[in-house]
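Each chain is listed here by its residues.
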Amino acid sequence: MVDVEGLAISALDDRLGYIDRLKTYTTKRDTQPIWDGCINVYKDNSQRKDVLIKAVPVQVKGDTKQAIKKNTIYYSVDIADLKGFMTTDGAIYFVVGIDKQTRNKKIYYASLLPIKIDGLLKNVSDPQKTRNVQLKVLPQTDEDILDIFLNFIRDSNKQSNVKEIGVMSLTDLQSKKEVHHIELGYVSTQKNLDISDMLGQEFCVYAVNAVGISYPLNEAILTQVKKEIPQKVTCNGKVYYEKITMLQTADNFIISLGQSLSITYIKPQEGKNNRIKIEFDAQGTVKERLHDINFFMALVERQDIYLDDRFLMKLPDDFKWEADLEDIKNHKNYIEMLVKAMELAGIPDNKLSFDELDKDNCKLANVLIRAFIKKEPALVTPIPEEDVSFGLLNMEGLKLMVVAKRVAGETFEIENFFTADLDSVISDLDHKEYPSSRYVLLKKEHFLNACNIKYDDLYEDVIKVKTNSFHFHRVTLLVLEMLKAYDINEDDKLLDLSEKLAIWLVDNEKEDNKNIAVINLLQIKQRKGVMTNQDKENIVDILTSCIDEQCKAACYILLNMPDKAYKIIDNMNEELKKTFQDYPIYHLLEKHS
């Protein structure tokens, strides 16, 4: 009769005997009820007693029924043994598969740590005597095997409290304020170990409290590794990307380029070569899609890619593309028209992103192309009275500032308000014209809704105008409109831009209007929380010199004296009070009262 257990222990002893930092103390036909001995793990190769880290309990089983070609197996472990392992803070369980005919052997293992044992013992019914445990094939290198033992020791020590308190959930620990941080660790003797070398390895996740006590939460297996690597991607002499994304799994190696293209290297099956799979699925913003399509078409033409001037791959001439090349060409033409339409409309690239983007299912894209590329007249509602007007236009949910020029009846030709050919003059109530900027016509609702405002051009366009009192007045109103919008959406871009304009007004406004310019600048600084003592002294100076009720109320608001501000406002006539309450500085009063 074959001594299966003896053969199994001999196979394990033979394999571990080659590892200098491990020493086996296993016994054939051991009389202990559970363990078959232990494996001593040392800090160095000397194996002296003073460098012993720990003796790891082991149990070894032999099995002639397992198909040893498999990399993972399941084995029935006695529940009584599992309970015994818990008393020693776990054990490493070995099963040696033995092929009687070829006499080949394969060693499998499972690190039965307390957290895993706790999970196996849950919901065990009375008549149940065993639990199925998954085991993995023992790694080939000495370093990987030593890492198994070192990580078992690390986690066994950290899980010594499981046998007393069990495994607690993260929610329970958080409710008890026992979570300072989450820890996931792995011990390795390999100095140059890359994280991708740990694919398939098991990790234990811990919640650690403020004094360093660890509570095991669960086990995790590293199934994939994702890296972003700065590398220039070149095709046909042109650099298309500055970085690549690499995703490695146990079976595949995937390089992602841009938002839409992935190259998968599939590990070969026995007797077969590596297989390359290239997939293209247009994703991302409109310009990102167009860029990816241009790269893909260059790849189709040249069939080679370079990374940092190093050759990555050359596709065979008979490579079969899984993508429909003709469909992608048509899609490219459509996207090019849409990009041009967006540029003409002034729409930023990040304002348009679609799950599916083609001429058959994207109504908004088609509307933009018809209006800005093909110049087709569009219906505008409500119908403007003037033949040429400007304002917000809702185009399939996207709001733009446009100029509408009547073609006939209710149809208008649409142009981007910020690039349309408009006279740079504005009329006052007496119809007298003054040089100014089209940006001073913008209102709160425009800043809140229009997606095509050219913020980068606003400041320069405003300050380049030849100075005149009416232009200063309109710029002041523009600042107030921007602040009204900011108080709703709290967009820092509006606050920063209004501050630049307010500083310009303080520096250039005439002396009789200087107080208003200073008050507007200081209400911006108060919103930013950067008011200084000097600023407050300036407000006091204005307060003592001004006689205007609105100016005084504004000063008291900035000095955080709401009672005095309300007293002045309450004494205003209704028309003046209504006007003041519409100013953004009144919002500060309401906010801080």
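Every value quoted in this text rests on a predicted model; they were computed, and no experiment measured them.

1. What to know about the overall build of the protein chain
When its secondary structure is counted, the protein chain shows 19 helices and 25 strands. Scaling as 2.2 N^0.38, a compact globule of 593 residues should have a C-alpha radius of gyration of about 25 Å, whereas the protein chain reaches 37 Å, well beyond that. Considering only C-alpha atoms, the protein chain reaches an extent of 115 × 70 × 50 Å along its principal axes. Put simply, the protein chain shows about 32,500 Å² of open surface, and 47% of that area lies on carbon and sulfur atoms. In the protein chain, which carries 79 positive and 94 negative side-chain charges, the distance between the mean positions of the two groups comes to 5 Å.

2. Some details on the state of the cysteines
Inspection of the entire model under this criterion finds zero disulfides. Here Cys555 is not cross-linked by a disulfide; its sulfur's nearest cysteine counterpart is in Cys551, at 4.4 Å.

3. Examining the packing of helix 2 (residues 79–87) against helix 3 (residues 114–121)
The N-to-C vectors of helix 2 and helix 3 enclose an angle of 145°; their axes lie 10 Å apart at closest approach. Between helix 2 and helix 3 lies a crossing of left-handed hand. Along its contact with helix 2, which presents Ile79, Leu82, Lys83, Phe85 and Met86, the element helix 3 presents Pro114, Ile117, Asp118, Leu120 and Leu121. For the contact of helix 2 with helix 3, the residue count by class is eight nonpolar, no polar and two charged.

4. Description of the environment of Phe417
Within the fold, Phe417 resides in the loop between strand 23 (411–416) and strand 24 (425–427). For Phe417, a relative accessible area of 1% gives the class buried. As a C-alpha pair, Phe417 and Val402 span 15 residues in sequence and 4.3 Å in three-dimensional space. Non-local contacts of Phe417, meaning those with residues more than four positions away in its chain, are made with Phe390, Met401, Val402, Val403, Leu422, Arg438, Leu441 and Leu442.

5. Things to note about the sheet that holds strand 6 (residues 105–112)
The strand order 1-2-3-5-6-7-4 describes an open sheet built from seven strands, whose pairing is mixed. Single-partner strands in this sheet number two, and they are strand 1 (22–26) and strand 4 (72–78). Strand-to-strand twist of the sheet, defined as the mean angle between neighbouring strand axes without regard to direction, takes the value 35°. Strand direction decides the pairing type here: strand 1 and strand 2 (residues 37–42), joined by five bridges, are antiparallel. In the sheet register, Leu22 faces strand 2, and the bridge partner there is Val41. Contacts between helix 2 and the sheet are confined to strand 3 (52–63), strand 4, strand 5 (91–98), strand 6 and strand 7 (130–137), with strand 4 contributing the most and set at about 90° to the helix.

6. What to know about the pattern of salt bridges
Within this structure, the stated rule accounts for 25 salt bridges. Asp496 is the salt-bridge partner of Lys528, the closest N and O atoms lying 2.7 Å from each other. Taken together, the residues Lys528 in helix 14 (residues 514–528) and Asp496 in helix 13 (residues 492–508) connect sequence positions 32 residues apart. Owing to a relative accessible area of 37%, Asp496 belongs among the partly exposed residues under this scheme.

7. What to know about helix 15 (residues 533–545)
An ideal rise of 1.5 Å per residue puts 18 Å on 13 residues; helix 15 measures up with 19 Å between its terminal C-alpha atoms. Among the residues of helix 15, Asp535, Ile539, Ile542 and Leu543 are the ones counted as buried. Buried residues of helix 15 fall within an arc of 100° about the axis and therefore sit on the same side. Residues of helix 15 that are exposed and point over 90 degrees away from its buried face: Asn533, Thr544 and Ser545. In the core, the buried residues of helix 15 are packed alongside helix 14 and helix 16 (549–558).

8. Quick word on the side chain of Asn416
With respect to the secondary-structure elements, Asn416 resides in strand 23. In terms of polar contacts, Asn416 uses its side chain to reach the backbone carbonyl oxygen of Leu344, at 3.3 Å. Apart from residues lying up to four places away in sequence, Asn416 is in contact with Leu344, Ala345, Gly346, Phe372, Met401 and Asn452.

Criteria and thresholds
- Residues numbered from 1 in each chain as written.
- Predicted model: local features only at pLDDT ≥ 70, side-chain atom pairs only at ≥ 80, totals over all residues.
- Heavy atoms only, no water.
- Helix = DSSP H or I, 4+ residues; strand = E, 2+ residues; numbered from the N terminus.
- Rg over C-alpha atoms; globule rule 2.2 N^0.38 Å.
- Areas by Shrake-Rupley, 256 points an atom, 1.4 Å probe, with all protein chains shown as cover.
- Lys, Arg positive; Asp, Glu negative; His and termini not counted.
- Charge placed at Lys NZ, Arg CZ, Asp CG, Glu CD.
- Disulfide = S-S within 2.5 Å.
- Axes fitted to C-alpha atoms, helices over the stretch in contact; angles between N-to-C directions.
- Left-handed = near helix turned anticlockwise from the far one by under 90°.
- Contact = heavy atoms within 4.5 Å.
- Nonpolar A, V, L, I, M, F, W, Y, C, P; charged D, E, K, R; others polar.
- Buried < 20%, exposed > 50% of the residue type's maximum accessible area, 1.4 Å probe, protein only.
- Pairing = 2+ DSSP bridges.
- Salt bridge = Lys/Arg side-chain N within 4 Å of Asp/Glu carboxyl O.
- Expected span 1.5 Å × (residues − 1).
- Arc of directions from axis to C-beta.
- Polar contact = N/O pair within 3.5 Å; in protein donor to acceptor, adjacent residues only side chain to side chain.

Purely geometric stuff here, so don't read any function into it on its own.
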